[in-house]
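# Topology and contacts: notes
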Amino acid sequence: MLQYVRNYSAKFLISGLRCPYPVACLQRVPREIKGYGEGFKWLKLANPEIQYFLNLTGKSSQDKKESLFCPKSVPYFCSVRYGIAVFLLLCNVIIMSQRVCLSLTMIAMVNSTEPHGLSNTSTKELQDNIKNPVYNWSTEIQGIMLSSIFYGVLISQIPAGYLSGIYSLKKMIGFALLLSSLFTLLLPLAAEFGEILVIICRVIKGLFQGITLTTQQVIWIKWAPPLELGRLTALSLSGLLLGPCIVLLITGFICDSLGWPMVFYIFGACGCALSVLWFILFYEDPKDHPFISNREKEYITSALTQQVSSSTLIKVPIKAMLKSTPLWVISLCNFAFFWSNTFLSIYIPIYIDYKLHVDVEENGLLSSLPHLFAWIFAVLAGYMADIFQTRNTFSLVTIRKLFTSLGLLLPSLFSLCLLYLSSSYYATIIFLILANSTGSFAMGGIIINVLDIAPRYYGFLRGITNVIGLTGGLIASTVTGIILSEDAESPWLKIFLLMIANNMISLIFYLIFAKAEVQEWAKERQNTYL
């Protein structure tokens, strides 16, 4: 069917026929295609190639011939839209580096990271080094420090999501990244004045990181063709997974050679430099970009003809959203996903130190491996989701349920293996890598499911689901710190089983109630608002 439509569209365009509106082109489609009725209408809107063909009206025959096979001739990996995805990937790498580095430098900053003040042999060699000041912070204080950044991220999510449809994304992301980097630079100085100032600094930094994380996803409303949404989103968000890999890989070496304060100075300076480049290179709309090719610009705008711009978001149907079961199950799975991802990301170095008793350099190397594989799986998940959708292998809701199931079920399975089958050094590392990295398959599921059910309110709803998810991350980090401080016998068993139960309950509800079509309250004709 698709090949037939493409072949016929080619003949129609080369013939030089004109029609004032894309829909009018359907009047010249032969009976074989018209017979599909609504099916062809859906195919026209869902496939950017056909939309591109039908939008090439009022052009000369030569222009039509040159643009005819645009989806093949338009650059992909060397295109502006993929360049933006890579730029956002780098922004997310810096953001996560600034956030996660404390979990590893904590080993060098304090006298102990083990419950009940047990000796921490991995930091003794650093205690006499003037470049590595050591503080007497309890396990409870460490847990609050690690989780405090989530308070700031939590507060900023909903306002950032709503304002992203009103104010300039370029300025919001650029200034938020810059200010987050500046507070990263100030953290070593704050540590000298006590733990309270460190917590305050982390909360403020979280405010600006939350703005960056929420508003960046709204960019794809104008830049991502529908059948590339999964891979572009996954590529950009995979920086959240690659960042911890990089920071954990090099932080140990920086601590040993330059001192732990240099970790914050380096990542803070990189963030400042990247924010300057962002102001210079980024444009919010393909139509305004000075370096984008005409073919790519035409391809993107044609594919997004039926999309609703986020700038139309003024009033929000709160009552209808609160009654939406698909939105609730997405939020519930975000809670579980952020819970497991936050726990596994932040406490991996401490777990390795507790289980394997290695030095800081080896700890950083081992802790980086799960994040490296998580990044690979995230990019793979986005690409596979788009392939399944393009080839109509599964329905869209089946695709979302499949990748959400993989993202919540596999970490739970490998966490059980980590608890009961990791008798050796290598078994512990393998199961730890798999438990952390396989959660990235959710990139093809719940992470972009909101855009399926309510593209009109994507920025606002992304902020809400992030708030619920980050609440899970905040609770996970705090509860883990409390359990570690109060239970000396089997704290990690309780922590992992709690994560597994959370994942399974959320997944069951998602498989029952999840949807992938635009909801009635999210359609443009909706006029009743709170």
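Quick look at the structure, then. In this text the structure is predicted, and so the values were computed from the model without any measurement.

Turning to helix α20 (residues 425–437), a few remarks are in order. Between its first and last C-alpha, α20 extends 19 Å over 13 residues, near the 18 Å set by a 1.5 Å rise per residue. Inspection of α20 places Ala427, Thr428, Ile429, Phe431, Leu432, Ile433, Ala435, Asn436 and Ser437 among the buried residues, and these make up the whole buried set. The N-capping residue of α20, defined by a side-chain oxygen 3.2 Å from the backbone nitrogen of Ala427, is Ser424.

Applying the stated rule across the entire model yields six salt bridges. Between Glu296 and Arg81 there is a salt bridge, with the nearest N and O atoms lying 3.0 Å from each other. Pair noted here: Glu296 is in helix α15 (residues 294–303) and Arg81 is in helix α7 (residues 80–109), with a separation of 215 residues, a long-range link. The buried category is assigned to Glu296, whose relative accessible area is 1%. Where Lys222 meets Asp285, a salt bridge forms, and the shortest distance between an N and an O atom there is 3.8 Å. Of the two residues, Lys222 is situated in helix α11 (residues 220–223) and Asp285 in the loop between α14 (261–281) and α15; the sequence distance between them amounts to 63 residues. Assessed through its relative accessible area of 32%, Lys222 is described here as partly exposed. Relative accessible area serves as the criterion here: at 17%, Asp285 is assigned to the buried category. Among the charged side chains, a network of salt bridges with common partners joins Arg81, Glu228 and Glu296.

Right, let's get into the nonpolar core. Counting 127 residues, the largest nonpolar core has Trp137, Ile219, Trp220, Phe343, Leu461 and Trp492 as its most contacted members. Here this core gets 20 residues from one element, more than from any other, and that element is α7. Leaving out residues up to four positions away in the same chain, Trp492 has contacts with Phe343, Tyr347, Ile350, Tyr351, Tyr354, Leu419 and Leu484. If you look at the next biggest cluster of nonpolar residues, it comprises seven residues, including Ala381, Ala385, Ile399 and Phe403.

So, on to empty space enclosed by the protein. Under the counting rule described, the total for this entry stands at six cavities of 30 Å³ or more. Estimated volume of the largest cavity: approximately 380 Å³. In terms of lining, the largest cavity is formed by 24 residues, of which the most central are Arg99, Leu213, Leu240, Phe338 and Asn341. For the lining of the largest cavity, the element with the most residues is helix α17 (residues 325–356), which contributes six residues.

Position of Leu88 among the secondary structure elements: in helix α7. Given a relative accessible area of 0%, Leu88 falls into the buried group. Here the alpha-carbon distance between Leu88 and Thr212, two residues 124 residues apart in the chain, equals 9.7 Å.

In most cases, non-glycine residues show a negative phi, while peptide bonds are predominantly trans. Not every positive phi belongs to a glycine, and Asn392 is a case in point at roughly 55 degrees. By secondary structure assignment, the location of Asn392 is in the loop between α18 (360–390) and α19 (396–420).

In this section: a nonpolar patch on the surface. A surface patch of nonpolar side chains, about 610 Å² in accessible area, is lined by Leu186, Leu189, Phe193, Ile196, Leu197 and Ile200. Secondary-structure elements contributing two or more residues to the nonpolar patch are α9 (169–192) and α10 (195–215). For Leu186, the location among the structural elements is in helix α9. Take Leu186: its relative accessible area is 45%, and that puts it in the partly exposed class.

Thresholds, definitions, all that
Residues numbered from 1 in each chain as written. Predicted model: local features only at pLDDT ≥ 70, side-chain atom pairs only at ≥ 80, totals over all residues. Heavy atoms only, no water. Helix = DSSP H or I, 4+ residues; strand = E, 2+ residues; numbered from the N terminus. Expected span 1.5 Å × (residues − 1). Buried < 20%, exposed > 50% of the residue type's maximum accessible area, 1.4 Å probe, protein only. Polar contact = N/O pair within 3.5 Å; in protein donor to acceptor, adjacent residues only side chain to side chain. Salt bridge = Lys/Arg side-chain N within 4 Å of Asp/Glu carboxyl O. Core = buried A, V, L, I, M, F, W, Y, C linked by side-chain atoms within 4.5 Å. Contact = heavy atoms within 4.5 Å. 1 Å grid on protein atoms, 1.4 Å probe; cavity = no way out; pocket = protein on both sides within 12 Å on 5 of 7 lines; lining within 4 Å. Points joined across faces, edges and corners; volume = space filled by probe spheres on them. Patch = residues over 30% accessible without salt bridge, like charges linked within 9 Å, V, L, I, M, F, W, Y side chains within 5 Å. Areas by Shrake-Rupley, 256 points an atom, 1.4 Å probe, with all protein chains shown as cover.

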